[in-house]
Amino acid sequence: MTKYQVQRSVLGLLLMVISMTLSAQDFSADRGLFEAYQREDMSVWEEYLGNRQPSAVSHQMLIYEYGYCGYIVAEAKKEGKEALLPKAKRYVQQFRSDVEAAKGSLPAGHYEMYMSAVMVYEMRLHIAIRPIKAMSLAKEATKLAPKDPLVLAYYGTSLYYAPAPFGSKKEALQYFKQAKELFQGPQWEYCWVRKATEMYIRGMEK
């Protein structure tokens, strides 16, 4: 083996080790957030989002913003918890800002998916009422990313909760099942959307 080949081998091994280390760190972080989701301890998610860097909007963070906004909006709408409404509005406004900031770097269909979610949360908080636009964006996301399980799961959720004629639980189940088939591989093991999708399917097939 030549000196050049040895250097290339060493460099390749070093890059592989670095890659594995970074993956393990991300994996570990996802696991903690996933376990908190299973325990229904959303304070862990709130802490994670609160510790974000001011100028850093990552794809991973947006997934948790999307989920946390859904949680805090639902909590604020419960009888006796109206005091949470200002907090819910702040999180939804921040989510909208972060989605807009990340628009150019998001995977295909994700901008449309997240903006649809923003509009749904805004409707629930009576900030803006745009149900047709929200559903249109959700559908557009599936056209842009027909094999993305996050996009398909989101559209299934939209169909599940939307009233007729916009929604359809039968059609929602089809999208949930498509998403489940695509939620394969270790990268999805600690994905809360995968777990939620499986719970929807179990509940609808009882």
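Before any of the text, the structure's been laid out above.
Residues numbered from 1 in each chain as written. Predicted model: local features only at pLDDT ≥ 70, side-chain atom pairs only at ≥ 80, totals over all residues. Heavy atoms only, no water.

## Thoughts on the pattern of salt bridges
- Enumeration over the complete set of coordinates arrives at 10 salt bridges.
- A salt bridge links E35 to R31; the nearest nitrogen and oxygen atoms lie 3.1 Å apart. Of this pair, E35 and R31 are both found in helix α1 (residues 3-39), four residues apart, which corresponds to roughly one turn of the helix.
- The exposure class assigned to E35 is partly exposed, which follows from its relative accessible area of 31%.
- Look at R31 and you get partly exposed, because its relative accessible area is 41%.
- Across the salt bridge formed by R96 and E100, the nearest N and O atoms sit 4.0 Å from each other. You can see R96 and its partner E100 sitting in helix α4 (residues 85-102), four residues apart, about one turn around the helix.
- Several salt bridges share partner residues, and in doing so they unite R96, E100, E122 and R130 into one network. (Salt bridge = Lys/Arg side-chain N within 4 Å of Asp/Glu carboxyl O. Helix = DSSP H or I, 4+ residues; strand = E, 2+ residues; numbered from the N terminus. Buried < 20%, exposed > 50% of the residue type's maximum accessible area, 1.4 Å probe, protein only.)

## Comments concerning α4
- The end-to-end C-alpha separation of α4 is 26 Å, in line with the 26 Å expected for 18 residues at 1.5 Å each.
- Within α4, the full set of buried residues consists of K87, A88, Y91, V92, F95, D98, V99 and A102. Angular distribution of buried residues about the axis of α4 spans 130°; they occupy a single face of the element. Across α4 from its buried face, at more than 90 degrees, point the exposed residues R90 and A101. (Expected span 1.5 Å × (residues − 1). Arc of directions from axis to C-beta.)

## Brief notes about unusual backbone geometry
- Geometrically, the link from A164 to P165 is a cis peptide bond, its omega value of 5° lying close to zero.
- Although it is not a glycine, E40 adopts a positive phi angle of roughly 60°.
- Counting through the fold element by element, E40 comes out in the loop between α1 and α2 (43-50).
- You will see that H126, though not glycine, has its phi angle at about 60°, which is positive.

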